[in-house]
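Coordinate inspection notes
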Amino acid sequence: MKSTMLGLAAAILTAVGSAHAQDTSPGNAEAGAVVFKRCMSCHAVGPDAKNGVGPVLNGVVGRAAGTYPDYNYSAANKDSGLTWDEPTLTTYLHAPRKLVPGTKMTFAGLSKDQEIADVIAYLKQFNAQGQNVSP
């Protein structure tokens, strides 16, 4: 009886955990382009992108934090030791100042997991030169 209850509890926790992990669909780059409009007052992507209030985000997915050329990053960002992989970007885009206290980024963050997944899918389309490399 005891082992049956433990097995049942494990099965329920596994099912609940799996359902929660699937709350966010894979990112949609087209939807991400719409979300990215909120970022455009500070950031740019594409072949003609220039640093502004924030750095250019070409090739950001997979890049070390604080390394885009000719942008004056905060010490907090440069010294964070972060790499902008998808999980780190997801955490950062939820609450930038929580992950990198002292960052110059004033944006409070995105609250919806799907919007974050979408904007990351959009950013993944751009290589370091700003060329859209989506299939």
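The preceding data block contains the structure.
Residues numbered from 1 in each chain as written. Predicted model: local features only at pLDDT ≥ 70, side-chain atom pairs only at ≥ 80, totals over all residues. Heavy atoms only, no water.

**A word on the environment of Gly27**
- Tracing the chain through its elements places Gly27 in the loop between helix H1 (2-21) and helix H2 (29-36).
- Take Gly27: its relative accessible area is 37%, and that puts it in the partly exposed class.
- Sequence separation of Gly27 and Ile116 is 89 residues, and the distance between their C-alpha atoms is 7.8 Å. (Helix = DSSP H or I, 4+ residues; strand = E, 2+ residues; numbered from the N terminus. Buried < 20%, exposed > 50% of the residue type's maximum accessible area, 1.4 Å probe, protein only.)

**Overview of the packing of helix H4 (residues 86-94) against helix H6 (residues 113-124)**
- Look at H4 against H6: their axes get within 10 Å of each other, and the N-to-C directions meet at 125 degrees. Our classification of the angle between H4 and H6 gives oblique. The handedness of the crossing between H4 and H6 is right-handed. Only Asp113, Ile116, Val119, Ile120 and Lys124 of H6 make contact with H4, whose side of the interface consists of Glu86, Leu89, Thr90, Leu93 and His94.
- Looking at the contact of H4 with H6, its residues break down into five nonpolar, two polar and three charged. (Axes fitted to C-alpha atoms, helices over the stretch in contact; angles between N-to-C directions. Parallel < 35°, antiparallel > 145°, perpendicular 65-115°, else oblique. Left-handed = near helix turned anticlockwise from the far one by under 90°. Contact = heavy atoms within 4.5 Å. Nonpolar A, V, L, I, M, F, W, Y, C, P; charged D, E, K, R; others polar.)

**Some words on H6**
- If you check H6, its first and last C-alpha atoms are 17 Å apart, about what 12 residues at 1.5 Å a residue would give, namely 16 Å.
- Buried residues dominate H6, accounting for nine of its 12 residues.
- Looking at the packing, one finds that the buried side of H6 touches H2 and H4. (Expected span 1.5 Å × (residues − 1).)

**As for the nonpolar core**
- Of all hydrophobic cores here, the largest spans 21 residues; its most connected members are Phe36, Val45, Trp84, Val119 and Leu123.
- Counting residues per element, this core draws most heavily on H6, at five residues.
- Setting aside its immediate chain neighbours within four residues, Val119 contacts Gly32, Val35, Phe36, Leu93 and Leu110.
- Counting residues in hydrophobic clusters, the runner-up holds five residues, among them Val56, Tyr68, Tyr71 and Tyr73. (Core = buried A, V, L, I, M, F, W, Y, C linked by side-chain atoms within 4.5 Å.)

**Quick notes on unusual backbone geometry**
- Backbone geometry places Asp70, a non-glycine residue, at a positive phi of 65 degrees.
- When its relative accessible area of 79% is taken as the criterion, Asp70 is described as exposed.

**A closer look at the packing of aromatic side chains**
- Scanning the entire structure with this criterion turns up four aromatic pairs.
- Where Phe36 meets Tyr122, the ring centres are 5.3 Å apart and the plane angle is 40 degrees; that geometry is what we call tilted. A residue pair is termed long-range when its members are at least 10 positions apart, and Phe36 in helix H2 and Tyr122 in helix H6 qualify at 86 residues. With respect to burial, Phe36 and Tyr122 carry one shared label: buried. (Phe/Tyr/Trp six-rings, centres within 6.5 Å; stacked < 30°, edge-to-face > 60°.)

**Points about the layout of surface pockets**
- In this structure, the largest pocket spans a volume of roughly 540 Å³.
- Surrounding the largest pocket, 31 residues form its lining, His43, Pro55, Leu57, Tyr92 and Met105 being those nearest its centre.
- Of all elements in the fold, only H4 and H6 reach the threshold of two or more residues within the lining of the largest pocket.
- No other element matches the three residues that H4 contributes to the lining of the largest pocket.
- Looking at the lining of the largest pocket, its residues break down into 19 nonpolar, nine polar and three charged.
- Approximately 170 Å³ is the volume attributed to the second largest pocket.
- The wall of the second largest pocket is formed by 11 residues, among which Gly27, Glu86, Thr90, Ala117 and Ile120 lie closest to the centre.
- Counting only elements with at least two residues in the lining of the second largest pocket, the list comes to H4 and H6.
- The biggest single contributor to the lining of the second largest pocket is H6, with six residues. (1 Å grid on protein atoms, 1.4 Å probe; cavity = no way out; pocket = protein on both sides within 12 Å on 5 of 7 lines; lining within 4 Å. Points joined across faces, edges and corners; volume = space filled by probe spheres on them.)

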